[in-house]
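# Observations on chain architecture
Spelled out, the chains give:
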Amino acid sequence: MSAAPVRIGLIGLGTVGQGLVRLLARNRDEYARRLGRPLVITHAAARDRARRRDCDLSGITLVDDPAFIAREAPVDVVVELVGGISPARELLLEAMARGKAVVTANKALLAEDGNRMFAAARDAGVALGFEAAVAGGIPIIRVLREGLAGNRLQAIAGIINGTSNYILSQMTERGMEFSRALAEAQSLGYAEADPRFDVEGIDAAHKLTILATLAFGMPLTYSAVAAEGITRVTARDIELAHELGYRIKPLAIAKRGAGGVELRVHPTLVPHEHLLAKVDGVLNSILVQGDAVGPTGYYGRGAGGDATASAVVSDLLEVAREHGVAAPHRPHALGFDPGAMAPLPLVPREQVQSAHYVRLQVADTPGVLKGITSILAELDISIEAILQKEPRGRDDATLAIITSVIGEQRFAQAMAKLLALPFVRPGSTHLRVEHFDGA
């Protein structure tokens, strides 16, 4: 092939980086045939160059200073796969300032400082690819930017953190408590030694920030996401939800209505028959509601070396097609600048509307149900379903209630009054419920 190769500098040789090396080697001829020129990793930065890796690094110049890749290495594209805010931010800014296109899987950086990163790409006239930042091998970024661009998108809801989904799946299928399911996820490599980003909803909140910006055309607003983790979910909650006709899934939800945009991440009761209730293990699934197409769904591997490397390659192919095109005519480079988008009003968290599941541990005495229903009626909260369980070898019973759709503020008032009742015991909890009407 006579055309010069597209030279790639890789920062990060972890699971995804090794997957990228393998994928580019395995499909080298296919990519070259499509592009008319090869994609070649010429340089890679890794902290431990001597460490044995599950890929062939022959022909790649290894360095231990990632700044060399950004500043000095003779490459056309820099791929960043180390994660975190710093030094990834500084490395990518340096690379772009020197006229190098960049591709990243760094959802934390894009969610928290993406407005700055995309502005830098615009000013430098280079591409910034980020398909791998959300949902691994599911091409949801291009779906929102291109495939559904003709729609006024109204809602996104999905499972976009495989670790949390795996934990809740194990709790559901095997009756595990959270701590045991988490330990198993860690032993299998699905959860980090410090799992906080996954189980507290932070990772999903980063990803939802990016999806909402693409869907609704608004600046990146990570601070607006209301995030709750799955640590409060118990095996008892999963059992009761099942009896009521639901499964508990870790959802990220973005909705746009007359009052503005709401952004939230939390464990959610989903009806058994709904698509999202059937997505188990480490798999991801995302539903998108558009005014023209209605509901559409996307399902697949949301993480892992090969799946995420697939998304990185899709960006590399797009960048390679544009390489050599004069900067003012690079739509991929300049077509996405969230910092320049007009802000949309955000729905205050206390005004977000949803149904609720409430589990109350109560004394097994007369008048309990009347006292609870009186408080709910006083606040104009309807009960959609109720389940009463007799004591299990102790002196308290369990009540599980599904409420009507209400605002967060009114529900918080109800919970405060319920928990103050003299017959309500410690250990009560609540979760949100979504029915996805029309989806």
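In short, a report on the structure. Residues take numbers from 1 onward in each chain, read along the sequence in its written order. Only residues with pLDDT of 70 or above have their local features reported here, since the model is predicted, and side-chain atom pairs are shown and tallied only from 80 upward, although totals for entire chains, interfaces and linings are computed over all residues. With hydrogens and water excluded, all non-hydrogen atoms of the structure serve as input to the side-chain values.

## Points about the overall build of the protein
Stated formally: For helices the rule is a DSSP run of H or I covering at least 4 residues; for strands it is a run of E covering at least 2, with both sets numbered from the N terminus onward. Radius of gyration here is computed from C-alpha atoms only, and the compact-globule reference equals 2.2 Å multiplied by the residue count raised to the power 0.38. Only protein chains enter the accessibility calculation, which uses a 1.4 Å probe; a residue whose area is less than 20% of its type maximum is buried, one above 50% is exposed, and one in between is partly exposed. In this description, contact between two residues means that some pair of their heavy atoms is separated by no more than 4.5 Å. The sign given to each residue is positive for Lys and Arg and negative for Asp and Glu; His and the chain ends receive no count. Working definition for charges: the position is that of NZ of Lys, CZ of Arg, CG of Asp or CD of Glu.
Across its full length, the protein holds 15 helices and 17 strands. Taken over the C-alpha trace, the protein has a radius of gyration of 24 Å; the compact-globule value for 439 residues is 22 Å, and the two agree within 12%. Within the protein, the fraction of its 439 residues that count as buried is 57%. For the protein, restricting intrachain contacts to residue pairs at least 6 apart in sequence, the fraction spanning at least 24 positions comes to 74%. Between the averaged position of the 47 positive side-chain charges in the protein and that of its 49 negative side-chain charges there is a distance of 3 Å.

## Here we look at the environment of A397
Along the polypeptide, A397 turns up in strand β15 (residues 396-403). We classify A397 as buried; its relative accessible area is 3%. The spatial distance from the C-alpha of A397 to the C-alpha of V424 is 9.7 Å, given a sequence separation of 27 residues. Dropping the residues within four chain positions of it, A397 is found in contact with L360, Q361, V362, K389 and P391.

## Side note on the side chain of R256
Stated precisely, the cut-off is as follows: Salt bridge, as used here: a side-chain nitrogen of Lys or Arg that lies within 4 Å of a carboxyl oxygen of Asp or Glu. Polar contacts, as counted here, are pairs of nitrogen or oxygen atoms within 3.5 Å of one another; within protein the pair requires one atom able to donate a hydrogen and one able to accept it, and residues that are adjacent in sequence qualify only if both atoms are side-chain atoms.
Locating R256 in the fold gives a position in strand β9 (residues 246-257). Despite its burial, R256 pairs with no opposite charge; the closest candidate is D291, at 7.7 Å N-O. Reaching out from R256, the side chain makes a polar contact with the backbone oxygen of L153 at a distance of 3.1 Å. Beyond its immediate sequence surroundings of up to four residues, R256 is in contact with R152, L153, Q154, F216, V261 and L344.

## Considerations on a nonpolar patch on the surface
To be explicit about the condition: Any residue with relative accessible area above 30% and no salt bridge may belong to a patch, with like charges joined within 9 Å and the nonpolar Val, Leu, Ile, Met, Phe, Trp and Tyr side chains within 5 Å. Accessible surface is estimated by sampling points in the Shrake-Rupley manner with a 1.4 Å probe; for residues, cover comes only from the protein chains shown.
A cluster of nonpolar side chains, namely L188, Y190 and V282, defines an oily patch on the protein surface of about 250 Å² accessible area. Counting through the fold element by element, Y190 comes out in the loop between α8 (178-187) and α9 (196-199).

## Overview of the sheet that holds strand β3 (residues 61-63)
The test is simple: DSSP-based pairing: two strands are paired if at least 2 bridges between them are found. Comment: axis = line fitted to C-alpha atoms, over the contacting stretch for helices; angle = value between 0 and 180 degrees taken between N-to-C directions.
Here 6 strands make up an open sheet; going across it, the order is β3-β2-β1-β4-β5-β6 and the pairing parallel. Two strands in the sheet have a free side with no partner beyond their single neighbour: β3 and β6 (128-129). Sheet strands touched by helix α12 (residues 305-322): β1 (6-11), β2 (39-45), β4 (77-80), β5 (101-104) and β6. Its angle to β5, the strand with the most contacts, is close to 165°.

## Re the pattern of salt bridges
Per the stated rule, a full pass over the model turns up 30 salt bridges. Here E90 ties to R89 by a salt bridge, and the two come within 3.2 Å at their closest N and O atoms. You can call E90 partly exposed: its relative accessible area is 37%. Note that R264 and E262 form a salt bridge whose closest N and O atoms lie 2.8 Å from each other. Residue class for R264 comes out buried when judged on its relative accessible area of 3%. E262 gets classed as buried once you look at its relative accessible area, which sits at 11%. By sharing partners, the salt bridges in this structure join R89, E90, D113 and R116 into a single network.

## Comments concerning the packing of aromatic side chains
For clarity, the threshold we go by: Any two of the Phe, Tyr and Trp rings considered here, Trp counted by its six-membered ring, make a pair once their centres fall within 6.5 Å; the pair's planes then place it as stacked at under 30 degrees, edge-to-face at over 60, or tilted in between.
With the rule as written, the count across this model stands at 2 aromatic pairs. Consider the rings of F118 and F130, whose centres lie 5.1 Å apart with planes at 70°: the pair is edge-to-face. Here F118, found in helix α5 (residues 107-124), pairs with F130, found in the loop between β6 and α6 (140-147); they are 12 residues apart in sequence, far enough to count as distant. For the pair formed by F118 and F130, the shared burial category is buried.

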